[in-house]
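Geometric and topological summary
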Amino acid sequence: MRSSAVVSGALVVLLLVLVAVGWPPLLDLDRSVADALHRSALAEPGFTHANRILTDWVWDPWTMRALITATVLVLWWRRERWLALWVTTATLLASGGQQGLKAAVGRPRPGWPDPVDSAQYAAFPSGHAMTGTVGCGLLLWVLALHWRETWRGWSVLAVAALVSVLGVGWTRIYLGVHWLSDVVAGWLLGWCVVAVSIVTYRRYGAVWQENAARSADRAEPPGADGSRMGETT
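Notes on the structure in this doc start here. (Residues numbered from 1 in each chain as written. Predicted model: local features only at pLDDT ≥ 70, side-chain atom pairs only at ≥ 80, totals over all residues. Heavy atoms only, no water.)

Turning next to the packing of aromatic side chains. Tallying each qualifying case throughout the model produces four aromatic pairs. Summarising the aromatic geometry, the rings of Phe47 and Tyr174 are spaced 5.1 Å apart at their centres and angled 75 degrees between planes, so their arrangement reads as edge-to-face. Here Tyr174 lies in helix 7 (residues 154-174) and Phe47 lies in helix 3 (residues 45-58), a separation of 127 residues in the sequence. What makes Phe47 partly exposed here is its relative accessible area of 42%. Seen from their ring centres, Trp86 and Tyr201 are 5.5 Å apart, and the 75 degrees between their planes marks the pair as edge-to-face. Highlighted residues: Trp86 in helix 5 (residues 81-105) and Tyr201 in helix 8 (residues 180-219), separated in sequence by 115 residues. (Phe/Tyr/Trp six-rings, centres within 6.5 Å; stacked < 30°, edge-to-face > 60°. Helix = DSSP H or I, 4+ residues; strand = E, 2+ residues; numbered from the N terminus. Buried < 20%, exposed > 50% of the residue type's maximum accessible area, 1.4 Å probe, protein only.)

Val87, Leu138 and Trp141 are the most contacted members of the largest nonpolar core, which has 28 residues in total. Elements that contribute at least two residues to this core include exactly helix 1 (2-21), helix 4 (61-77), helix 5, helix 6 (127-147) and helix 8. For this core, the leading source of residues is helix 8, giving seven residues. Beyond its immediate chain neighbours, meaning those up to four positions away, Trp141 contacts Leu83, Trp86, Val87, Ser197, Ile198 and Tyr201. (Core = buried A, V, L, I, M, F, W, Y, C linked by side-chain atoms within 4.5 Å. Contact = heavy atoms within 4.5 Å.)

In short, geometric facts, not functional conclusions.
Structure representation (structure tokens):
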């Protein structure tokens with residue numbers, strides 16, 4: 001996990017440098033992919049409409065944030081406060097980092113005389129791709145911590161998460177609102193956030209949560225027989 005965080009972070013930095021300096025091979029690849037997909041989007045209005053529904057509703061960043069919020073509330077209710085705070089912090093840092101990079105790079109989105117969709121703000125990295133990766137990655141991680149060994153539906157959820165992450169990136173390129181390298185950077189940066197969150201939680205968060213649980217047990221008032229509440233004899 002640590003090595004994947006390092007590799008994905010290094011690749012994001014490489015992409016950032018190549019985009020910032022305008023490396024011709026990368027820009028040519030972005031343009032050729034964008035042109036080909038835009039022609040397809042114009043020729044297939046039904047498929048294009050389906051992609052707009054997926055990107056605007058099913059895989060929209062606000063949908064991902066709503067799922068994360070629900071997960072955090074469940075964790076808080078289960079008294080897993082450190083894990084809830086960890087997931088919340090990772091999500092907020094990802095969102096803030098994404099917006100900061102967009103402002104710093106200021107890359108224009110693809111421009112078309114006959115657009116099939118529109119989007120605001122700068123292009124690099126793709127917010128949809130990054131938010132989808134962070135959201136699905138964190139949700140799978142939380143589920144794996146609790147139910148991976150006992151829940152038969154785990155593999156189905158893992159496939160659904162992978163399809164969602166790849167699918168949202170596809171819709172952004174197909175609809176002509178992002179370059180290919182924007183989406184790849186969003187995927188890589190999103191995974192880097194997830195990997196770093198997992199690595200740091202394993203090292204610090206789990207210990208803090210265990211210590212907090214022990215402190216809560218010690219602070220719990222004893223029952224009439226001298227035992228702690230919830231303690232069996």
